[in-house]
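Fold and contact review
Chain by chain, the residues:
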Amino acid sequence: MKDKVAGYLGEIAAVRIDSHEALEAYRLKYLSRKGVVQQLFAEFKTVAPEQRREMGVLLNELKEKAQERFDALKEALERSAQPSGPATDFSRPAIQHPLGSRHPIAIVRNQVDEIFTRLGFVVSEGPEIEDDWHNFSALNFAPEHPARDMQDTFFIHRDPEVLLRTHTSSVQVRVMSSQAPPIRTISPGRVFRNEAISARAHVIFHQVEGLYIDKGVSFADLRQTLLYFAREMFGEETRIRLRPSYFPFTEPSAEMDISCSCKGAGCRICKYTGWVEILGCGMVDPAVLANCGIDPEVYSGYAFGMGIERMTLVKYNVNDLRLFFENDIRFLRQFTGVS
Ligand code: PHE
């Protein structure tokens with residue numbers, strides 16, 4: 001029996017397996033209920049008493065070794081079942097993270113903000129729901145004046161009048177009423193007008209208005225500032241043209257055109273005129289300064305207001321203003337990477 005055990009010990013140490021079946025065969029042969037180890041323990045009963053001690057130690061050693069070998073074989077088999085290379089395949093294409101884009105209106109608004117803050121203007125904002133005073137009366141719109149019809153809006157309440165602002169000039173009234181000159185501010189924001197929706201008009205659009213109040217501000221300052229802006233925004237070779245106009249809150253007033261990118265060759269954007277209107281401007285009417293508590297004998301200033309949609313149409317060659325509000329991903333995607 002001693003020899004048998006020694007033989008098995010040698011055998012166990014030499015076992016090699018390469019499959020689960022072989023591992024199972026090993027288990028059956030040595031460790032199962034009818035396996036070698038159990039059989040030897042059964043035979044142990046027949047061992048002569050004086051050899052029992054020695055044989056007991058030997059049998060227990062065999063039992064332990066058989067189990068240890070089994071564990072080792074099993075672990076080796078499992079390890080070899082794993083892929084031999086690195087678990088990550090670095091040659092596979094990376095998972096794409098979809099890149100969003102800014103809305104074109106936000107892009108152009110940011111560009112305008114950036115140009116004017118460089119000139120020392122600060123950004124100010126105000127409410128979209130306004131009262132008559134800030135949107136109209138303080139800006140010199142007389143109660144029955146036809147200028148109000150040009151900026152027909154949506155009235156939320158009649159008496160007192162609460163409305164959706166038609167321009168961000170209302171913010172300028174708020175700034176002038178609460179701050180002392182010198183004032184240099186731009187007011188970007190959403191505005192509302194009662195218009196029939198078409199490729200060129202919408203009930204919602206965006207403006208950036210500007211205001212500069214100080215001692216001795218002149219129309220020449222206004223013109224030079226707007227020329228600088230136009231060149232920064234639309235390119236170095238851009239020219240501007242000021243046409244006399246009317247706004248209740250500025251005197252004199254003008255509308256500003258920029259030279260079209262078709263350079264006069266004629267295109268749909270400039271309607272074959274070579275010029276595109278982008279903003280209204282003028283010297284702040286002394287009555288408006290007085291309404292806001294600023295002495296018109298001491299201070300003067302200029303104001304301007306531009307439509308962001310209009311500038312975006314021109315700058316990025318968009319042909320229908322409604323696209324800005326439809327959230328069509330095929331349109332918006334075209335602005336990926338523009339800032
Ligand atoms: N508020 C005017 C508009 O919305 C634009 C404007 C602003 C004109 C400032 C002159 C001066 O039409």
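Residues numbered from 1 in each chain as written. Predicted model: local features only at pLDDT ≥ 70, side-chain atom pairs only at ≥ 80, totals over all residues. Heavy atoms only, no water.

Our next topic: the overall build of the chain. Within the chain one finds 13 helices and 10 strands. Projected onto the principal axes, the alpha-carbon positions of the chain cover approximately 130 × 50 × 40 Å. With 339 residues in all, the chain has 42% of them scored as buried. Across the chain, the fraction of contacts at a sequence separation of at least 24, relative to all contacts at a separation of at least 6, is 67%. Summed over its atoms, the accessible surface of the chain is roughly 19,300 Å², and 52% of this surface lies on carbon and sulfur atoms. Taking the 41 positively charged and 45 negatively charged side chains of the chain as two groups, their mean positions are separated by 10 Å. (Helix = DSSP H or I, 4+ residues; strand = E, 2+ residues; numbered from the N terminus. Buried < 20%, exposed > 50% of the residue type's maximum accessible area, 1.4 Å probe, protein only. Contact = heavy atoms within 4.5 Å. Areas by Shrake-Rupley, 256 points an atom, 1.4 Å probe, with all protein chains shown as cover. Lys, Arg positive; Asp, Glu negative; His and termini not counted. Charge placed at Lys NZ, Arg CZ, Asp CG, Glu CD.)

To continue, consider the pattern of salt bridges. Tallied over the entire structure, the rule returns 19 salt bridges. Notably, a salt bridge pairs arginine 158 with glutamate 161, separated by 3.0 Å at the nearest N-O pair. Using a relative accessible area of 57% as the deciding quantity, one classes arginine 158 as exposed. Put simply, arginine 241 and aspartate 257 hold a salt bridge, and the shortest N to O gap is 3.0 Å. Placement of the pair is arginine 241 in strand E7 (residues 240-247) and aspartate 257 in strand E8 (residues 250-259), with a sequence separation of 16 residues. The class for arginine 241 is partly exposed, based on a relative accessible area of 32%. Each member of the salt-bridge network shares a partner with another, and the members are Arg241, Arg243, Asp257 and Glu277. (Salt bridge = Lys/Arg side-chain N within 4 Å of Asp/Glu carboxyl O.)

What follows covers the sheet that holds strand E9 (residues 275-284). Adjacent strands of a sheet pair through backbone hydrogen bonds, lying either parallel or antiparallel. Read from one edge of the open sheet, seven strands run E1-E5-E6-E10-E9-E8-E7, paired in mixed fashion. Both edges of this open sheet fall to strand E1 (122-123) and E7, since each of them pairs with a single strand only. By the bridge criterion, 10 bridges tie strand E5 (residues 183-192) to strand E6 (residues 204-214) in an arrangement that is antiparallel. The partner of isoleucine 183 across the bridge, within E6, is isoleucine 213. Running at roughly 30 degrees to E6, helix H8 (residues 169-178) makes contact with E5, E6 and strand E10 (300-307) of the sheet. (Pairing = 2+ DSSP bridges. Axes fitted to C-alpha atoms, helices over the stretch in contact; angles between N-to-C directions.)

What follows covers the sheet that holds strand E2 (residues 129-131). If you trace the three strands from one edge of the open sheet to the other, you get E2-E4-E3, paired in antiparallel fashion. Where the open sheet ends on each side, the last strands, each with one partner, are E2 and strand E3 (155-157). If you compare each strand with its neighbour and ignore which way they point, the axes differ by 35 degrees on average. As paired elements, E2 and strand E4 (residues 162-164) share three bridges and run antiparallel to each other. Within E4, the position partnered with glutamate 130 by the bridge is leucine 163.

Taken domain by domain, the chain comprises domain 1 (2-79) and domain 2 (104-335). Relative placement of domain 1 and domain 2: their C-alpha centres are 94 Å apart. (Domains from an automatic or database assignment.)

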